[in-house]
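Geometric and topological summary
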Amino acid sequence: MSTDHPLQLGGSYGSPYSLKMRAVLRYRQIPFTWVLRGSEHDHLPPVPVRLIPVIAFPDDDGEYTEAMIDSSPQIMRLETMFGDRSLVPTDPVVAFIDYLIEDYGDEWVTKAMFHYRWYYDDAIDKAAKLLPLDQNLQVSDADWEGMQRYITDRQIGRMALVGSTEANRPIIEDSYTRLLDLLTASLRERLFLLGDRPGRGDFGLFGQLRQLVGWDPESARIAIDRAPRVAGWVDRMDDLSWWPVTGNDGWVGRDEIPSTTVALLHEIGRTYAPFMIANADALQSGADEMVCEIDGQEYRQGPFAYQGKCLVWLREQYAALGSTDRAAVDALLAGTGCEPLLA
């Protein structure tokens, strides 16, 4: 791709998925232009749903006529376009584990990100003041104040929908601190989860932690006190264009997955797995609420259709593996609590 017609990435600074994809493009050294979504310079093509991030692709004439949303499909589209510095491990078993970790970050750790932003008063105050300025620093004071009220009311009104309730608070907050501890243990040994180079899972976790560790006051305070190595990791992950990569080297083999990463799989089985299964069951039955047990506590929220699709996609990835590779995945996940995800 010519640097005269780089990709365009539309997003915002407060969006975990936008910064996830910005970090992916930086690491892969793919030419791109960062576009603040909704700003006066946002001329990206229309997309079916107004979500971020948006990646716009130039045609042969350099016109940006095609765009797509959703970070995981965006990552895989880039894999078909660019060969260097791939995010997909060469061993299909390791690649599946990487995919699972990414989805855990995208669909479970995001609950902590939303919770810490809209539960605590100092976080609400910061988000209300700064998020409306993402698009336009010259907005009038009257419009800025109106946008503060609108964003705050809208997001706080969505808290129960995404699981941030008083009853669920211990589950979400405990899962966040355990993740910090697990990553701290991993970072004592290596910079990435599956070798000497980052995968999709690293960036899936980074996107959420970039907000939790680097932006929202309460979750950042916890991270600085409890897991300073994770804070340092988040800074590095934001721009890994400097990280050396040679061909397809650097991934661990299926028999070499670090014990610290296996411990993370147990955490995924402890939280994400029961949530995803209960969500799918609620969608199938048409229930207005999904209920499951996480860590011996009852977890409730409204079902999400998108996360139902994520479970289908995960199972499709598993089904696409050869029988020997599926057996290897089964062996790795045995006893982690992740087994029902593949049923």
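Overview of the structure. (Residues numbered from 1 in each chain as written. Predicted model: local features only at pLDDT ≥ 70, side-chain atom pairs only at ≥ 80, totals over all residues. Heavy atoms only, no water.)

A word on the nonpolar core
Our working rule: The nonpolar core is taken to be a set of buried Ala, Val, Leu, Ile, Met, Phe, Trp, Tyr and Cys residues, with the residues joined through side-chain atoms within 4.5 Å. Throughout this description, buried means an accessible area under 20% of the type-specific maximum (1.4 Å probe, protein chains only), exposed means over 50%, and partly exposed covers the range between. To qualify as a helix, a DSSP run of H or I must reach at least 4 residues; to qualify as a strand, a run of E must reach at least 2; elements of each kind are numbered from the N terminus. Working rule for contacts: check all heavy atoms of both residues, and any pair within 4.5 Å makes them a contact.
Grouped together as the largest cluster of nonpolar side chains are 85 residues, with contacts concentrated most on Tyr176, Leu205, Leu209 and Leu341. Examining the composition of this core, we find that 13 residues originate from one element, helix α3 (residues 92-118), more than from any other. Those residues in contact with Leu341 that lie beyond four places of it in its chain are Leu100, Tyr272, Ala273, Met276, Ile277, Leu311, Leu314 and Arg315.

Quick notes on the sheet that holds strand β3 (residues 54-58)
Through backbone hydrogen bonds, the strands of a sheet pair up, either in parallel or in antiparallel fashion. Short version of the rule: At least two bridges found by DSSP between two strands are what make those strands a pair. Orientation is described by axes fitted as lines to C-alpha atoms, over the contacting stretch for helices, and by angles from 0 to 180 degrees between their N-to-C directions.
One open sheet holds the four strands; their spatial order is β2-β1-β3-β4, and the pairing between them is mixed. Across the chains shown, the open sheet's two edge strands, defined by having one partner strand only, are β2 (32-36) and β4 (64-69). Ignoring which end each strand starts from, the neighbouring axes of this sheet average 25° apart. Sheet strands touched by helix α1 (residues 16-28): β1 (7-11), β2 and β3. Its angle to β1, the strand with the most contacts, is close to 155°. On the sheet, helix α2 (residues 71-81) packs against β1, β3 and β4 and is oriented at approximately 130° with respect to β4.

Overview of helix α5 (residues 141-157)
What counts is decided by this rule: Take the residue count of a helix, subtract one, and multiply by 1.5 Å to get its expected span. To be clear, the arc concerns the directions from the helix axis to the C-beta atoms.
With 17 residues, α5 should reach 24 Å at 1.5 Å per residue; the first-to-last C-alpha distance of 24 Å fits that figure. Those residues of α5 lying buried are Gln148, Ile151, Thr152 and Gln155. The arc enclosing the buried residues of α5, seen along the axis, measures out at 95°, which places them on a common side. Along α5, exposed side chains directed more than 90 degrees from the buried face belong to Ala142, Arg149, Tyr150, Asp153 and Gly157. In this structure, the buried residues of α5 make contact with α3 and α4 (121-130).

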